[in-house]
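# What the coordinates show
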Amino acid sequence: MVSRMPVPEQIRIVSRDSPMALAQVERVRAELTAAHPGVHTVVVPVKTTGDKWLGDLSQVEGKGAFTKEVDAALLAGEADLAVHCVKDVPADRPLPAGTVFAAFLARDDIRDALVHPGGLALDGLPAGTRVGTSSVRRVAQLAATHPGLRCVPFRGNANRRLEKLAAGEADALLLAVSGLERIGRRDVISEVLSPETMMPPIGAGILALQCREDDADLIDAVSALGHPDTHREATAERMFLHVLQGHCNSPIAGYARVDRSGELSLRACVFTPDGKTRLNAHEWAGRLDPATLGTSVAVALLRQGAREIIDGIAH
């Protein structure tokens, strides 16, 4: 439905400058144009610390490394709207003062994919296969289920990782299905892994639109892009992570899901880095609101010893 609320004539959209991030911006531009014909959008690309630094993220403020420069452009008035992957937005602290999430877009695929040049599936990889990933979540789960595989650190945007794979720096890769779809490279996937095989990160597949909280007209205009079920899932997941107070070296995974009847559930795990200990929790919201569900699942894991696991990991 076309909105009749006042819409700014021009909306400046700030985003990371990676090919995937810019593809995400194009989706937002298309949805804005569909909701508000005639709106003019301009892209403001920025290079973030996380994109420039290819070492351990914990040495550069963890996941905030992918959002700090984007937030700064928004707060400085250099842009009006920021596009974020929710999985990259820290949940252990509030959004920067003066900003708000105006919408969560309809969720994309939450699953991880194996990329193997020979087309092998995960269970078919021979012992000693080098799997490129720097994700502590993926490393912990692979260590538990496929201890014969060897994880090698791999950072950089998805295009760069595919180049490094082609150059022989690893034998296989683990990447997000949604990310590969966004850059038009679903063709490289040799196996899509179920969430039971590889539990996704909190916020997987969700794009969030962030505005200055005093920009009421833009918030109204952007809210038309929001997806109610995704909003419920994101709220539960982010509250879960907030209560758990994990850091970027914490192997934490999980996802909320609204089923066909409208019921919301949240399944989550905390691992030790070697994958030998795995704490699980799964609850249905019932009459609980999404944030309370997130809190409840976090408390269930804390009762099992999640705090000791998280605090015992260097960061």
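Above: the structure in question.
Summarised in this report is the structure supplied together with it. The shown structure was predicted, so the numbers you read here are calculated from the model rather than taken from an experiment.

### Description of the pairing of strand β5 (residues 112-115)
Side chains Asp112 and Leu114 project from β5 onto one buried face, and the interleaved Ala113 and Val115 project onto a second face that is buried too. Alignment of β5 against strand β9 (residues 191-193), held across 3 bridges, turns out to be antiparallel. Its bridge partner being in β9, Leu114 is matched across the sheet by Glu191.

### Notes on the sheet that holds strand β8 (residues 172-176)
An order of β7-β6-β8-β5-β9 is seen for the 5 strands of this open sheet, with the pairing classed as mixed. Edge positions in the sheet fall to β7 (150-152) and β9, since each of these pairs with one other strand and no more. Within this sheet the neighbouring strands show an average axis-to-axis angle of 30°, counted without direction. This element, helix α4 (residues 136-145), spans β5, β6 (130-132), β7 and β8 of the sheet and lies at about 125° to β8.

### Considering the environment of Ala285
Looking at where Ala285 falls in the secondary structure, it is placed in the loop between β13 (278-284) and α9 (290-304). Classification of Ala285 as buried rests on a relative accessible area of 5%. Not counting residues within four places of it along the chain, the set of residues in contact with Ala285 comprises Leu264 and Leu293.

### Observations regarding the side chain of His84
Within the secondary structure, His84 sits in strand β3 (residues 81-85). Judged by relative accessible area, His84 falls into the buried class, the value being 4%. A distance of 2.6 Å separates polar atoms of two side chains, one belonging to His84 and the other to Gln210. Leaving out residues up to four positions away in the same chain, His84 has contacts with Thr67, Val70, Asp71, Val89, Phe101, Ile206, Leu207, Ala208 and Gln210.

### With respect to the sheet that holds strand β11 (residues 252-258)
What the 3 strands build is an open sheet, ordered β11-β12-β13; its pairing is antiparallel. Strands with a single pairing partner mark the edges of an open sheet, and in this sheet they are β11 and β13. For this sheet, the mean inter-axis angle between neighbouring strands, taken without regard to orientation, is 10°. Bridging between strand β12 (residues 264-271) and β13 involves 7 bridges; their strand directions are antiparallel. For Phe271, the partnering residue across the bridge sits in β13 and is Arg278. Sitting on the sheet, α4 is in contact with β11, β12 and β13, with an inclination near 100° to β11. Contacts from helix α8 (residues 228-244) reach β11 and β12, with the element oriented near 150° to β11.

What counts as what
- Residues numbered from 1 in each chain as written.
- Predicted model: local features only at pLDDT ≥ 70, side-chain atom pairs only at ≥ 80, totals over all residues.
- Heavy atoms only, no water.
- Buried < 20%, exposed > 50% of the residue type's maximum accessible area, 1.4 Å probe, protein only.
- Helix = DSSP H or I, 4+ residues; strand = E, 2+ residues; numbered from the N terminus.
- Pairing = 2+ DSSP bridges.
- Axes fitted to C-alpha atoms, helices over the stretch in contact; angles between N-to-C directions.
- Contact = heavy atoms within 4.5 Å.
- Polar contact = N/O pair within 3.5 Å; in protein donor to acceptor, adjacent residues only side chain to side chain.

Read these as geometric descriptors, not functional statements.
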